[in-house]
Amino acid sequence: MTSSRLSGSATEHVDEKFYHAEDLQDPHESTLHRGLKARQMSMIALGGTIGTGLIMSSGTALVRGGPLGLCLGFLFVGLICFLTLSALGEMTAYLPHKRGFAGYATRFVDPALGFALGWIYLIKYLIAPASNINAAGIVMQYWTLSVPIEVWAALYIILVVIMNLLGIQFFGELEFWMSGLKVICLTGLICLGVIIDLGGNPKHDRIGFRYWRQPNGPMGSYLVHQVHNEQFAVFLGFWSTLTTALFAYIGSELVAVTAGEAQNPRKTIPRAIKSTFVRIFVFYIGCVFAISLIVPSTSTQLLVANSSQAGAAASPFVVGVTLVGIKGLNHVINAMILLFTISAANSDLYIASRTLYGLAIERKAPQIFAKVNQRGLPWVSLLVVSLFMCLTFLNASTSSATVFAYGVNLLSAFGAITWMTIAYSHIRFMKALKAQGVSRDSLPYKGPGQPLGSWFVLVSTGIILLFKGFDTFLPFTPGLFITSYLPVPLFFIFWLGYKLRYRTRVIPSSKVDLITGKREIDEEEERFILGEKAREGKMSRWQRLADVL
């Protein structure tokens, strides 16, 4: 992968000791199209990545951490997630380029870090679609065990690939409606949980906080027979919920991946980032709180990663409605969960293809992956990453619950590394602004809690990553240990390998390029705003109202 030098007046300010042309400049031809509208961006940010982590793996967290541990774990990691997106929003609104957030690590820190982050993130999303397809198979097993899970996997793989091949306009519209349905479904499930808890069920049983008391809560006792200490087992139960919560929240950074295909990204991306506050503290926290009220942590019907038999209820909500005797609704909820898993797989495949495309335009992956068709679809990247969905067929030789556990371990570790690198890139971005006399007040978007929030993300996520695999030693389980920690050495191999091969250096704050590409984005934004004003001038009052809604 050779690199060309910088050229042209637009990059005369750039120090060539630290950058190559492809590190900074987006391609002008054969590139992604800005086809995602503001309403699509907002809805995708709100519900696009809500999937198996929240709806399915929360059962594992409830069993291990108890109802209070479940809520505290999701609340703590939710704060980390929000601060990560806050940092990412500042960088993305300032420079919404087409190479994903690995491009920010390249520009603000070191090209070697951008290379490592790009490939780690790509590997994560080579695995994620397969994990969600496997989850869809688990959902189907609740209804029937007569059809092999591999058949369901093959059908859903074909469906997801076709949805992605139809282009960004179709993807944006499809995810808009699927995300909207997920938001409606999740709102309904939260309300259902509260109603059941207050006695609105066939048994007229007012549950209240019954399941928060012994023997079900408030905290779980995880591995108590191994550690022989009740207090320590309670702490381990809470700690295990952090990994599950991390798995549930990862993918929230989808909004930054879509920056290269968003219309008027300076306006739409901050708006989408702000909506994540609602998603985290209403949908995620509300969802796990409702689950903690209606499902006892001691229920044997819950799907617990690595230990459940085929046919276990995929979601705690299914268990909740079954326990109070609501007939038929369990099947409706299971169908909702199937929608969640397919939508998540669709989003994951989109992210994987755009990440590989971003690496290719930076010449950090073979150039063939930068090819796009006339509709701006990176079809080569899409077809290649689609092949990795066949990883889901691992469940042919291993139970689907165990494969799901492997997915949780790998994806949560990859996600933790991604968040830490985003936080560090933002810290370096802040230092570059200060060193070059650029006021943070001049940014298009100022994220709440920054810049101290990025330090909090970096430290807290690092601690979670370091100790996330503690239970693989009690007793030692090679498969779970490897999947818990494999991403860490992979990251350092990518980082050090690129650094030694290309002799890159950490870019001094005073030499960080804050200019290249900004003028083109400013001009593009002006053209879009003028076009929107012209369009609005021809609209009736009712059309304007419909557009706002």
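Residues numbered from 1 in each chain as written. Predicted model: local features only at pLDDT ≥ 70, side-chain atom pairs only at ≥ 80, totals over all residues. Heavy atoms only, no water.

Peer 1: Got a minute to help me understand the overall build of the protein chain in this structure?
Peer 2: Along the backbone of the protein chain there are 21 helices and zero strands. Relative to its 549 residues, the protein chain shows a buried fraction of 61%. Put simply, the protein chain shows about 21600 Å² of open surface, and 66% of that area lies on carbon and sulfur atoms. (Helix = DSSP H or I, 4+ residues; strand = E, 2+ residues; numbered from the N terminus. Buried < 20%, exposed > 50% of the residue type's maximum accessible area, 1.4 Å probe, protein only. Areas by Shrake-Rupley, 256 points an atom, 1.4 Å probe, with all protein chains shown as cover.)

Peer 1: Can you walk me through the environment of Glu526 in this structure?
Peer 2: Within the secondary structure, Glu526 sits in helix H20 (residues 518–537). Sequence separation of Glu526 and Asn264 is 262 residues, and the distance between their C-alpha atoms is 8.9 Å.

Peer 1: Looking at this model, I keep getting lost on the nonpolar core. Mind explaining?
Peer 2: Generally speaking, soluble globular proteins have nonpolar side chains that are buried together. In terms of nonpolar packing, the biggest core is built from 157 residues, with Leu54, Phe74, Leu186, Tyr249, Trp419 and Phe429 touching the most fellow members. In terms of residues, this core owes the most to one element, helix H6 (residues 111–143), which gives 20 residues. In this view, Leu54 contacts Phe74, Leu186, Ala248, Phe283, Tyr284, Cys287 and Val288; residues no more than four positions away in its chain are not counted. (Core = buried A, V, L, I, M, F, W, Y, C linked by side-chain atoms within 4.5 Å. Contact = heavy atoms within 4.5 Å.)

Peer 1: I tried to follow helix H10 (residues 230–249) on my own but got confused; where do I start?
Peer 2: What sets the pattern is the α-helix's 3.6 residues per turn: residues three or four places apart point alike. Between its first and last C-alpha atoms H10 spans 29 Å; for 20 residues at 1.5 Å apiece the expected length is 28 Å, and the two agree. Of all 20 residues in H10, 15 are buried, a share of seventy percent or more. Its side-chain oxygen placed 3.1 Å from the backbone nitrogen of Gln231, Asn229 serves as the N-cap of H10. Gly251 sits one or two residues past H10 and shows a positive phi near 100°. (Expected span 1.5 Å × (residues − 1). Polar contact = N/O pair within 3.5 Å; in protein donor to acceptor, adjacent residues only side chain to side chain.)

Peer 1: Please clarify how helix H7 (residues 149–165) should be interpreted in this entry.
Peer 2: A rise of 1.5 Å per residue sets the reference length of H7, with its 17 residues, at 24 Å; its end C-alpha atoms lie 25 Å apart and thus fit the reference within 8%. Among the residues making up H7, those that are buried are Ile149, Trp152, Ala153, Tyr156, Ile157, Val160, Val161, Met163 and Asn164. The arc that holds the buried residues of H7, viewed along the axis, is 160°, so those residues lie on one side. In the stretch just after H7, Gly167 is the one whose phi turns positive, near 100°. (Arc of directions from axis to C-beta.)

Peer 1: Help me understand the packing of H6 against helix H19 (residues 487–502), please; the structure alone is not making it clear to me.
Peer 2: In helix packing, the relevant descriptors are the interaxial angle and the interaxial distance, both defined with respect to the helix axes. One way to put it is that H6 packs onto H19 with a least axis distance of 8 Å and a crossing angle of 145°. Note that H6 runs across H19; the crossing there is right-handed. Mapping the contact onto sequence places Pro111, Ala112, Leu113, Phe115, Ala116, Leu117, Trp119, Ile120 and Ile123 in H6 and Pro487, Leu490, Phe491, Phe494, Trp495, Tyr498 and Lys499 in H19. Taken together, the residues of the contact of H6 with H19 break down into 15 nonpolar, no polar and one charged. (Axes fitted to C-alpha atoms, helices over the stretch in contact; angles between N-to-C directions. Left-handed = near helix turned anticlockwise from the far one by under 90°. Nonpolar A, V, L, I, M, F, W, Y, C, P; charged D, E, K, R; others polar.)

Peer 1: Please clarify how the packing of aromatic side chains should be interpreted in this entry.
Peer 2: Each aromatic ring pair is described using two quantities: the centre-to-centre distance and the angle formed by the ring planes. Throughout the structure, instances matching the rule amount to 25 aromatic pairs. Summarising the aromatic geometry, the rings of Phe176 and Trp177 are spaced 5.1 Å apart at their centres and angled 85° between planes, so their arrangement reads as edge-to-face. On the numbers, 6.4 Å between centres and 80° between planes, the contact of Trp239 with Phe467 is edge-to-face. In this pair, Trp239 is assigned in helix H10 and Phe467 in helix H17 (residues 452–467), connecting sequence segments 228 residues apart. Chaining the aromatic ring pairs together yields one cluster made of Phe115, Trp119, Phe494, Tyr498 and Tyr502. Stacked on the ring of Phe340, the Lys or Arg Lys182 has its end atom at 5.9 Å from the ring centre. Over the ring of Tyr502 we find Arg501, and its NZ or CZ is 4.8 Å from the ring centre. (Phe/Tyr/Trp six-rings, centres within 6.5 Å; stacked < 30°, edge-to-face > 60°. Lys NZ or Arg CZ within 6 Å of the ring centre and 35° of its normal.)

Peer 1: Please explain the pattern of salt bridges as it appears in this structure.
Peer 2: When charged atoms on two side chains of opposite charge get close, those side chains can pair. Within this structure, the stated rule accounts for six salt bridges. Put simply, Glu90 and Arg440 hold a salt bridge, and the shortest N to O gap is 2.4 Å. With a gap of 350 residues between them, Glu90 in helix H4 (residues 58–94) and Arg440 in the loop between helix H16 (400–435) and H17 connect regions that are remote in the sequence. Of the two residues examined, Glu90 and Arg440, each falls in the buried class. (Salt bridge = Lys/Arg side-chain N within 4 Å of Asp/Glu carboxyl O.)

Peer 1: Can you help me understand the packing of H6 against helix H14 (residues 329–361) in this one?
Peer 2: In the contact formed by H6 and H14, the axes pass within 8 Å of each other and the chain directions differ by 160°. In terms of orientation, H6 lies roughly antiparallel with respect to H14. When you trace H6 past H14, the crossing you get is left-handed. Residue classes in the contact of H6 with H14 are distributed as 24 nonpolar, seven polar and one charged. (Parallel < 35°, antiparallel > 145°, perpendicular 65-115°, else oblique.)

Peer 1: When you look at unusual backbone geometry in this model, what are you seeing that I'm missing?
Peer 2: Peptide bonds are, in most cases, trans, and in most cases residues other than glycine have a negative phi. Residue Pro215 follows Gln214 across a cis peptide bond; omega there is 5°. Mapped onto the elements, Pro215 comes out in the loop between helix H8 (168–197) and helix H9 (224–227). With an omega of -10°, the peptide bond running from Leu474 to Pro475 counts as cis. Within the secondary structure, Pro475 is located in the loop between H17 and helix H18 (478–485). For Leu223, which is not a glycine, the phi torsion comes out positive at approximately 60°. With respect to the helices and strands, Leu223 occurs in the loop between H8 and H9.

Peer 1: Would you explain the environment of Met140 in this entry?
Peer 2: Its place among the elements puts Met140 in helix H6. When its relative accessible area of 8% is taken as the criterion, Met140 is described as buried. Expressed as a C-alpha distance, the spacing of Met140 and Ala153, which sit 13 residues apart in the sequence, is 10.0 Å. Setting aside chain neighbours within four positions, we find Met140 in contact with Trp152, Tyr156 and Leu338.

Peer 1: How should the confidence of the model for the protein chain be read in this particular structure?
Peer 2: Fine structural detail should not be taken from predicted coordinates in areas where pLDDT scores are low. On average, residues of the protein chain carry a pLDDT of 82, and 82% of them reach 70 or more. Here residues 1–10 is modelled with pLDDT under 50, and outside its nearest four sequence neighbours on either side it reaches 27 contacts, counting other chains as well. Confidence over residues 305–312 falls short of pLDDT 50; this stretch has 22 contacts with residues more than four positions distant or in other chains. (pLDDT = per-residue confidence, 0-100.)

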